[in-house]
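Structure at a glance
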Amino acid sequence: QELIPALIARHTGETPIRVWVPGCATGEEAYSIAMLLLEGIKAARLTRNIQIFASDIDQDAIDVARVGTYPASIISDVSPERRKRFFLAVDDSHYQINKQVRESIVFSHQNLISDAPFSRIDFISCRNLLIYLEPQMQQKVIALFHFALVPDGNLLLGPSETMGNSTDLFETVSKKWRVYRRTGPSRRDLIGIPLIKTDEHSSVTKQPTPVLHRKGIKELAEKLVLNEFAPAAALINRKYEVLYVTGPLVNYLEFPLGELTKDLLAMARSGLRTRLRFACNNAIRDGKTTVETEACVKRNGHYVHCSVTVRPLSDAKESEGLMLVVFQDRSQLQSLDEHKTEAHQGEDSPVVQQLELELKSMSEELHSTIEEMESSTEELKTSNEEIMSVNEELQSANEELETSKEELQSLNEELSTVNSQLQEKVAELDKATDDLMNLMSSTEIATIFLDEQLNIKRFTPPTKSLLSLRFTDVGRPLREIASKFHDDEMLIECQQVLDNLVPMEREVQADESRYYLRRILPYRSTDNHIGGVVITFVDLTQRKQAEAVQRDADARSVAALHESNERMGAILSTAADSIITIDRQGQIDSVNRATESLFGYARDELIGQNVSLLIPSIYNDHHGDGVSGAVNGAIVGNRPNRQAQFMGRTQESVAQRKNGAPFPVDFAFSKVDHLGLYTGILRDISERKELQSHILEIASEEQRRIGQELHDGTQQELTGLTLFAGALCELLDTSARQEAPNGENWMLRKSDLGKLKQTADRLLQGLKEANQHVRTLSHGIMPVQVDAEGLRSALAELAALTNEQQQIYCHFEFSGSSSVSDNSIATQLYRIAQESLNNALQHGLADNILISLSQQDGQIVLEVCDNGVGIDPHLKQELGKVGGGMGLRIMEYRASMLGGVLQVDRNSGPGTTVRCIVPTTEVLT
């Protein structure tokens, strides 16, 4: 999610993404990283090249990784999408990495601590390898990774591995996942190839010596002697780089300003550098001679005489080219004060001696330099002559190379042409191989190719069901393979085909009662060479079964048809709706039992009669747009446009029973093409029509009642309030004329003020009562729109409003995690709760009501439970009368619209419970 996209983004299409996986074992980690990179490149919609180097010290593991074949148990770790994109099924028990992924990885045999590393790497994945190394070797390997990575390259370690003391080389990207980023410049001084010397390696394998205590005493004694009595010394190489120091070197060396350095000459104190260079040059030139010289070193403002000894090391091969430089003071009495005046400097003063000593040193150094220059001049003359001779030889060789170059260019052109032809042939061969593999897989014919010795050369996947074959069986003799069919003559007939070149066929039976036609044909090459035989197995099982089925088909066809008719008749007989079939002439072909019950006709009385016997108006509105006109135009008139318009649609019509009584029905018909018939379904909607009429009557009666309430109650109250307001205005006007005839300020008498207050209080009380009366009347007729999300809030508000207005205890409870999916459904549930609440208040005289909404067993349950007088089960229909609510039937109608049921039960104690149960599939998301 983080490293792969960043790695892909900072590369261009020309620069490949380089990854190194040291300790790759059998290749799973390297292949996984390759898959992640390919997925990241595809997700970024970019074109990038990747190079993955996977190395390991185990050659056998590298060989397994190169093949990239793994057991089928990887399906537990590899998703189906990746398995489909990156793997090929070799057989039932093995998968192989596809060619694209395998070609992106280079597997190599490498010892991490002795072989050279890869360079310019963008990402290194070294998981669970460092834990097998000692801490010192771990730091060397981490430094090696720092050298191999590019700037800002990433390193991934195992969950039990850390950076240790190498925090200056890497910064932490993710501590949890052990991801680090390279920082700082390349530190070549921290690595050496190999990381471990031969003696160092052997010392690791040696058993520890048992005399650890004596060794510790010896080292302690040697350390004390070196610190107290040993002279200052430094071990350097021929580049004057300090490798090791001991003794008081601070008396002879000092750190210069600026960047730290290992150069011995750069750190030498004043007065010491010239003699030190002279001694080192002589030691390097001689190689084995110890060189000793004297010098004066400046220390604390004084010059101190000292000796410098340079000894080349040649004791061991690994110390060749190293030198040991030893510094020793001559005498503390010979130190010279730099600040003495010239008056105290005599002819034999230390200053003169120092100058003479330096002059002598400079003379010796100059003489040595002159000798070196003369020797170099002679060597240059000799080299010049040799170069002149070599130059002539090179000119001659150059002419020969020019001739060879022209020949090579001509040969290169020929090779390029041949290479292009070979590439085209290889591409054609790959395409032909792919076509052949797809052909063999798609034929689903078991085919096996044998050579002249009857050894397996190739086989198709269906062969596995007949022979226990795997991809590793290629090259094995066929006689060693166990077969799953009975055929003892196959090997003999294969040899006969090789000898006679005549194909042979035989029908064989396999396990599980399967039959195959086995054919053996000679394998012919393009030059008509016989290279073995080809065995094919054609599955005859279905043909055998078809033949057996065909023999029994005629005997069972009549019984099956009879059984089918009985089954269809049973289904039609149990249907609740009337189902009739009509032919193209409009005559009834068949009816079900519900049709007989609905119309009062027997089956024989209806068969062959025109459909107008049941629906008399079918011809009356011949030109209408109703269902009768549609049936007439579509069936009798065979009008396709009428069929397309009304086919499958449900319309209302009027049917007629045998006794002549008309009744409303829902009628729908559809066409059965292969039989040339039409199917009509009729449903009696008399009860629905009656309910609709009853609801309209209830609504009209409720409207009349509300009008009467407004006229008899609210209007009379408002008339009385009008009289109070007129009396109040008249009293105010009379008082004003009596007290202030000239329009001046006036004051009311105490008696008049009392009358005003009494009249105003009665006016206010009357307005409140009228307002409450209007609110009560409008409560049941105001349109309510409750959305799906606000049903719970609306029910809670209904309970709170009832508490406030009726002065009773009404509360709402909710349980479950249901949510209503439709606003109209929420409105119907709210109306049921509102009407149940009104019934409890007006008919039940309850003072404690509980409204609850819950989800139980896949159903939404709305309950209104009260503690009123209860309801007699035999008098439930009394709630349907016009009164304080809309009635029981309206609540049942609302519940049926939701696909649910309404239950009204008397409580075990006082009161009634109204319960509406709606299936979750109807109302829930």
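Just above, that's the structure.
Report on the accompanying structure. (Residues numbered from 1 in each chain as written. Predicted model: local features only at pLDDT ≥ 70, side-chain atom pairs only at ≥ 80, totals over all residues. Heavy atoms only, no water.)

**Quick look at the nonpolar core**
Formed by 35 residues in total, the largest nonpolar core has its most connected members in L791, L795, L829, I849, L862, L902 and C916. Here this core takes nine residues from helix α21 (residues 823-842), the largest share from any one element. Not counting the four nearest positions on each side in its chain, L862 is found in contact with L795, L829, I832, A833, I851, S852, L853, V914, R915 and C916. Formed by 34 residues, the second largest nonpolar core is a distinct cluster that contains V19, L37, F86 and Y95. (Core = buried A, V, L, I, M, F, W, Y, C linked by side-chain atoms within 4.5 Å. Buried < 20%, exposed > 50% of the residue type's maximum accessible area, 1.4 Å probe, protein only. Helix = DSSP H or I, 4+ residues; strand = E, 2+ residues; numbered from the N terminus. Contact = heavy atoms within 4.5 Å.)

**What to know about the pairing of strand β25 (residues 651-656)**
Where β25 meets strand β26 (residues 662-672), six bridges bridge the pair, whose relative direction is antiparallel. When the sheet's bridge partners are listed, E652 is paired in β26 with D666. In this structure, the hairpin formed by β25 and β26 is closed by a connection of five residues, where G660 is found at a positive phi of approximately 90°. (Pairing = 2+ DSSP bridges.)

**Section: the sheet that holds strand β27 (residues 677-684)**
The antiparallel open sheet is built from five strands, whose spatial order is β24-β23-β27-β26-β25. Edge positions in the open sheet fall to β24 (588-591) and β25, since each of these has one partner strand only. Within this sheet the neighbouring strands show an average axis-to-axis angle of 35°, counted without direction. One ladder, built from five bridges, connects strand β23 (residues 578-582) with β27; its direction is antiparallel. (Axes fitted to C-alpha atoms, helices over the stretch in contact; angles between N-to-C directions.)

**Focus: a nonpolar patch on the surface**
A cluster of nonpolar side chains, contributed by L408, L411 and L415, occupies part of the molecular surface with about 290 Å² of accessible area. Tracing the chain through its elements places L408 in helix α11 (residues 350-442). On the accessibility criterion, L408 (55% relative accessible area) is exposed. (Patch = residues over 30% accessible without salt bridge, like charges linked within 9 Å, V, L, I, M, F, W, Y side chains within 5 Å. Areas by Shrake-Rupley, 256 points an atom, 1.4 Å probe, with all protein chains shown as cover. Salt bridge = Lys/Arg side-chain N within 4 Å of Asp/Glu carboxyl O.)

**Things to note about the packing of helix α20 (residues 791-806) against α21**
One can describe the packing of α20 onto α21 by two numbers: an axis separation of 10 Å at closest approach and a directional angle of 20°. Considering the angle they form, α20 stands roughly parallel to α21. α21 is crossed by α20, and the crossing has right-handed handedness. In this structure, α20 contributes L791, A794, L795, L798, T802 and Q806 to the contact, and α21 contributes A826, L829, Y830, A833, Q834, L837 and L841. Per-class residue counts for the contact of α20 with α21 are 10 nonpolar, three polar and no charged. (Parallel < 35°, antiparallel > 145°, perpendicular 65-115°, else oblique. Left-handed = near helix turned anticlockwise from the far one by under 90°. Nonpolar A, V, L, I, M, F, W, Y, C, P; charged D, E, K, R; others polar.)

**Section: the packing of α21 against helix α22 (residues 888-897)**
At a minimum axis distance of 10 Å, the contact between α21 and α22 shows a crossing angle of 160°. Considering their axes alone, α21 and α22 lie roughly antiparallel with respect to each other. Remark: the crossing between α21 and α22 carries left-handed chirality. Residues Q828, R831, I832, E835, S836 and N839 of α21 form the contact with α22, whose own contacting residues are I890, M891, R894, A895 and M897. Here the contact of α21 with α22 is composed, by residue class, of five nonpolar, three polar and three charged.

**Digging into the sheet that holds strand β29 (residues 848-856)**
Hydrogen bonding along the main chain pairs the strands of a sheet, whether they run parallel or antiparallel. The sheet built from five strands is open, its strands ordered β28-β29-β30-β32-β31 with mixed pairing. Strands at the two margins of the open sheet, each flanked by one partner only, are β28 (809-814) and β31 (901-906). Recorded for the sheet is a direction-independent mean angle of 15° between the axes of neighbouring strands. Alignment of β29 against strand β30 (residues 859-866), held across eight bridges, turns out to be antiparallel. By the bridge assignment for β30, S852 is matched with E863. The sheet strands contacting α22 are β31 and β32 (912-919), and the helix crosses β31 at an angle near 140°.

**Things to note about unusual backbone geometry**
Phi angles above zero are rare outside glycine, and D152 is one such case at about 70°. Looking at the secondary structure, you find D152 in strand β8 (residues 149-157). Residue class for D152 comes out partly exposed when judged on its relative accessible area of 45%. Positive phi values are uncommon outside glycine, yet Y240 reaches one of about 65°. Mapped onto the elements of the fold, Y240 is located in the loop between β11 (232-236) and β12 (242-246). On the basis of relative accessible area, Y240 is assigned to the buried category, the value being 14%.

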